[in-house]
Amino acid sequence: MPLTAEQVPLIIAAGALALGLAFILWAVRTSDGARGAAKRYKAKVNESETSLAELKSVLGAHPGIIMVWQGEEVDVDGAEITAPEIHGSPVALASLLRFTDDAVSIDPAVRIIEGLADLEARDATGADTTLRLALRDLANEGQPFSLTLIGANGRFLEADGRTAGARVVVWITDSTIKGLEESSARGRLEEARQVIARDPAAFLDMLGKAPFPAWRVSGVGRLQWANTSYIDAVEGENLDRVLERQIMLDEKAVDQVRRTLSEGAEIDETRHFGIKGERRAMRILSFPLSGGVGAMAFDVTEQEKARDDLDRHVKAHDETLNHVADAVAIFSADRRLTFHNRAFAKMWDLDEGFLLDMPTHGQLLDRLRERRRLPARTDYAAWRAEELHYGDVSGTEEDEWHLPDDRTLKVTRQHHPMGGLLILFKDITSELNLRTRFNAMIKTQGKTLDSLHEAVAVFGTDGRLKLSNEAFEELWGLEADLLKDEPDYDLIADACIPLFHDRETWAQIKGHITDPSSAARQESMGEMKRADGSIITYVTKPLPDGNTLIGFADITAQRSVEGALRERAEAFETADRLKTEFVKNVSYQLRSPLQTILGYGEFLQMERIGDLNEAQRDKVDAICEASNHLNDLIGNILDLAMIEAGTLGLDLGDVDLGALVEESVQIGVTNAADTEVEVTAEVANDLGLIRADEKRIRQILFNLVSNALRFTDAGGKVVVSAERMGDTAVLKVTDNGRGIPEEEQATRFDSFTSSDQRGAGLGLSLVKHFVQLHGGNVGIKSAPDGGTEVVCWIPVEAEPQDGTHEPERMAA
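This is a predicted model, so every value here is computed, not measured.

Quick notes on the overall build of the chain
Looking only at helices and strands, one finds 24 helices and 29 strands in the chain. A burial count over the chain gives 38% of its 812 residues as buried. For the chain, the proportion of contacts with a sequence separation of at least 24, taken over those separated by at least 6, is 50%. As presented, the chain carries roughly 47,500 Å² of accessible surface, and 54% of it is formed by carbon and sulfur atoms.

Okay, structure coming up:
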């Protein structure tokens, strides 16, 4: 049946009603389920709270505290320690807070960690450690621990650490509040150890009076205690002021304490800082203690100075070895090369880098063997093992290595004072060559000595015969067997006594051999008149090598010849003396009549009794000229006689040498007018005055000029020169005349020697004697047809000789 318009609204209303009823039924049902769930959740919460209360009650009954780090990183070393959750008995918490006097944090849990972290502790094995180190190993590596912490006044704590998942849990129990009977075995053991092994009061009193600074720092780095030496070192008024101001010994002390706490181990450092205005070297020793760090400081200034001196000596020793020509190598006790000098590297031609790597002794030998530098060995391994066995070396041992490159090394080994072995390598190749040549030379010397007619013996400083020749054996009639095996001097002297009995002379000779003093090591000579009538001379001569050579010569025949020669010489001297006396007497006897002849000749020349014709005048002039010449000759003979007799002296005074040269030239010009010989003078401007005998200098110049004119032909030239050379005046007379044959030059200055018949041969002889009286010398240079040059060297200041008169000098 179709729906009507009136039915539609009714149907919609009925549907909406049905939908509403259905929704209401669903809502009612849903509400009943939620109320049931809420009721069940509430029941679970009540149950959890009950369980938590029970757990807290159980934890509160624990006689300690429990610290829990919830998975985050645990930091117990930094300035800010990670704070844990803390559970446990309030009594235990209060007890543990007594260990936190030096803590700086306000968090109780952190304060407990700061107070307990560095107390002295023992682990389950009895090893020393600290809670800080154990916590670090637990947090980083999950390493569980069980410790006994030793607190002040004999209190003991037990600490156990474990990981629980991502959590770190530590149980800390104060054994003391549980009663001594309930203490763990470790606590009782440590307490007994403290009572038996230590007397804290005596120890602290001793440490307080110690002469070195000592102090204690808490686990957070605060100074807790210091002794009197520490207070004095930091110049503090008293302990309270030092603790109040936290005065540390030096600026690095805090850092050393922190490292000691962090590492849980002793730290020993030496550093320099000022104490009472003086820079001192201090050895600082810091070590973990229960509750912090203990430290002591020792003044090691003198030790450091000694060490520095030792280092300098070692460096100087090494530098000295570097300048040694021989190669030096030092091996340590573990057979490593610890030192080598430059000569070592050069000798073996080794790379410096290889040597600086400190190779072992065996590696060094192997390297040298690879390069064919070692001596050839049939069993290298056995030889190498022997070289490396240092224990077999006793004292100083030496041997020789003959290398493939023809070098020979002397190897010296000895134990090094610092342990190990010192080896010295000396290249003795040249020494061996020298020794070979020396031995050959000794043989040659022996043969040479045997060829000598003189007796020769060489003795050492020990008085033993080192070398002798056959002439020595024959001269003293010695047995050949006696001279073998270096016999002693006394044995040889005793064998010579029958020929020469004077033992004192033999003792004197021995003194020159064995006495090392400079007075005895002098050459000496002597003479021996032997029992067989022969005469022996001896000479002792020290040799450079310390030995002494003694030479003996038989001069018996020589003495006979000397006697004959002496008698002949005496006869010659007597004849010469008679000749001189004769010449003097004859000269004096001739001078008297000569003066008469000359006087009358000069009187006739003046024509006082009448005029003379030309022929008469020529004869009178000839008489006067001959008389003057004879007078000069007599004067020269007398001068020469006085010189030879040693009675002629000099009359010294200031002499103008230049003026005398000019004067001699003028006289020469006058005398040379007829011969047409040119005479000139050459006088240096700086010649000046000399101290000499003017008369004798004039004679020197006159004789030299006269001699030059006599041997210079017409048209020739004579030059007289004078110059000054330092302290010597040099006179030269040079001509271009006929010259003097070479064979006659050596005798030209002898007396009565002349190359012609116009002179007596006294002129140059007197020149030589006059120059020598002035302390000078004379020389001649000539060649046939090449002219002649006579040179006189005369001191500017003549030395007064015997019989010389030197007048006082006038003041300038």
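Re the pairing of strand S5 (residues 145-150)
Burial analysis of S5 places 6 of its 6 residues in the buried class, which makes it a mostly covered element. Neither face of S5 is left uncovered, since the one carrying Phe145, Leu147 and Leu149 and the one carrying Ser146, Thr148 and Ile150 both have all their residues buried. Where strand S3 (residues 120-122) meets S5, 3 bridges bridge the pair, whose relative direction is antiparallel. When the sheet's bridge partners are listed, Arg122 is paired in S5 with Thr148. Direction of pairing for S5 relative to strand S6 (residues 156-164): antiparallel, over a ladder of 6 bridges. Residue pairing across strands places Ile150 opposite Phe156, the latter belonging to S6.

Overview of the confidence of the model for the chain
Regions with low pLDDT should not have their predicted coordinates read in detail. Of all residues in the chain, 81% have pLDDT values of 70 or greater, and the mean over the chain is 79. Here residues 1-5 scores under 50 on pLDDT; set against residues more than four positions off or in separate chains, the count is 3 contacts. The low-confidence segment residues 179-189, where pLDDT is below 50, has 11 contacts with residues more than four positions distant or belonging to other chains.

Side note on the sheet that holds strand S29 (residues 788-795)
Pairing is mixed in the open sheet, where 5 strands are placed in the order S24-S26-S27-S29-S28. One side of each edge strand has no neighbouring strand; the edge strands of this open sheet are strand S24 (678-683) and strand S28 (777-782). Recorded for the sheet is a direction-independent mean angle of 15° between the axes of neighbouring strands. Where helix H22 (residues 694-710) meets the sheet, its contacts fall on S24, strand S26 (717-725), strand S27 (728-735) and S29, and the angle it forms with S27 comes to roughly 20°.

Details of the packing of helix H13 (residues 361-370) against helix H14 (residues 380-387)
Close contact between H13 and H14 brings their axes to 10 Å; oriented N to C, the two are set at 140°. Classified by the interaxial angle, the pair formed by H13 and H14 is oblique. Here the hand of the crossing between H13 and H14 comes out right-handed. For the pair formed by H13 and H14, the contact residues are His361, Gly362, Gln363, Leu365, Asp366 and Arg369 on the first element and Tyr380, Trp383, Arg384 and Glu387 on the second.

Quick word on a nonpolar patch on the surface
Where nonpolar side chains cluster on the molecular surface, the patch consists of Phe603, Leu604, Met606 and Ile609 and spans about 380 Å² of accessible area. You can see Phe603 is positioned in helix H19 (residues 556-605).

What to know about helix H10 (residues 301-322)
For H10, which comprises 22 residues, the first-to-last C-alpha distance of 31 Å matches the rise-based estimate of 32 Å (1.5 Å per residue) to within 8%. All buried positions along H10 are accounted for by Thr301, Glu304, Leu321 and Asn322. At its buried positions, H10 is contacted by strand S10 (267-275), strand S11 (278-289), strand S12 (292-299), strand S13 (327-331), strand S14 (337-340) and helix H11 (342-348).

Some thoughts on the pattern of salt bridges
This model, assessed by the stated rule, comprises 35 salt bridges. For Asp490, the salt bridge goes to Lys510, with nearest N and O atoms at 2.9 Å. Here Asp490, found in helix H17 (residues 489-496), pairs with Lys510, found in helix H18 (residues 503-514); they are 20 residues apart in sequence, far enough to count as distant. Judged by its relative accessible area of 32%, Asp490 falls in the partly exposed class. Given the relative accessible area of 27%, Lys510 is considered partly exposed. One salt bridge connects Arg530 with Asp532, and the closest N-O pair in it is separated by 3.3 Å. For Arg530, a relative accessible area of 9% translates into the label buried. Via salt bridges that share partners, Asp250, Asp255, Arg259, Glu269 and Arg271 belong to a single interconnected network.

Side note on the packing of aromatic side chains
Counted according to the given criterion, the structure contains 13 aromatic pairs. Centroid distance Phe472 to Phe552: 5.9 Å. Interplanar angle 35°. Geometry classified as tilted. One end of the pair, Phe472, is in helix H16 (residues 470-475); the other, Phe552, is in strand S22 (residues 548-554), with 80 residues separating them in the sequence. Its relative accessible area of 3% is what places Phe472 among the buried residues.

Re the packing of H22 against helix H24 (residues 763-773)
Geometrically, a packed helix pair is captured by the angle between its two axes and the distance between the axes. Axis separation between H22 and H24 bottoms out at 9 Å; the angle between their running directions is 150°. Both H22 and H24 take part in a crossing whose hand is left-handed. Each of Arg696, Gln699, Ile700, Asn703, Leu704 and Asn707 in H22 lies in contact with H24, whose residues at this interface are Gly763, Leu764, Leu766, Val767, Phe770 and Val771. Class assignment for the residues of the contact of H22 with H24 results in 7 nonpolar, 4 polar and 1 charged.

Thoughts on the nonpolar core
Counting residues in hydrophobic clusters, the biggest one holds 43 residues, and the most contacted among them are Leu657, Ile697, Ile700, Leu704, Leu731 and Cys792. When contributions to this core are tallied by element, the ones reaching two or more residues are helix H20 (614-645), helix H21 (657-671), strand S25 (689-692), H22, S26, S27, H24 and S29. At 7 residues, H22 tops the list of elements feeding residues into this core. Excluding residues within four positions of it along the chain, Leu704 makes contact with Val733, Leu764, Val767, Val790 and Cys792.

Concerning the sheet that holds S14
Pairing in this open sheet of 5 strands is antiparallel, and the strands run S14-S13-S17-S16-S15 from one edge to the other. Lying at the two open borders of the sheet, with one neighbouring strand each, are S14 and strand S15 (396-402). The sheet shows a mean angle of 20° between the axes of neighbouring strands, taken without regard to direction.

Cut-offs and rules
- Residues numbered from 1 in each chain as written.
- Predicted model: local features only at pLDDT ≥ 70, side-chain atom pairs only at ≥ 80, totals over all residues.
- Heavy atoms only, no water.
- Helix = DSSP H or I, 4+ residues; strand = E, 2+ residues; numbered from the N terminus.
- Buried < 20%, exposed > 50% of the residue type's maximum accessible area, 1.4 Å probe, protein only.
- Contact = heavy atoms within 4.5 Å.
- Areas by Shrake-Rupley, 256 points an atom, 1.4 Å probe, with all protein chains shown as cover.
- Pairing = 2+ DSSP bridges.
- pLDDT = per-residue confidence, 0-100.
- Axes fitted to C-alpha atoms, helices over the stretch in contact; angles between N-to-C directions.
- Parallel < 35°, antiparallel > 145°, perpendicular 65-115°, else oblique.
- Left-handed = near helix turned anticlockwise from the far one by under 90°.
- Patch = residues over 30% accessible without salt bridge, like charges linked within 9 Å, V, L, I, M, F, W, Y side chains within 5 Å.
- Salt bridge = Lys/Arg side-chain N within 4 Å of Asp/Glu carboxyl O.
- Expected span 1.5 Å × (residues − 1).
- Phe/Tyr/Trp six-rings, centres within 6.5 Å; stacked < 30°, edge-to-face > 60°.
- Nonpolar A, V, L, I, M, F, W, Y, C, P; charged D, E, K, R; others polar.
- Core = buried A, V, L, I, M, F, W, Y, C linked by side-chain atoms within 4.5 Å.

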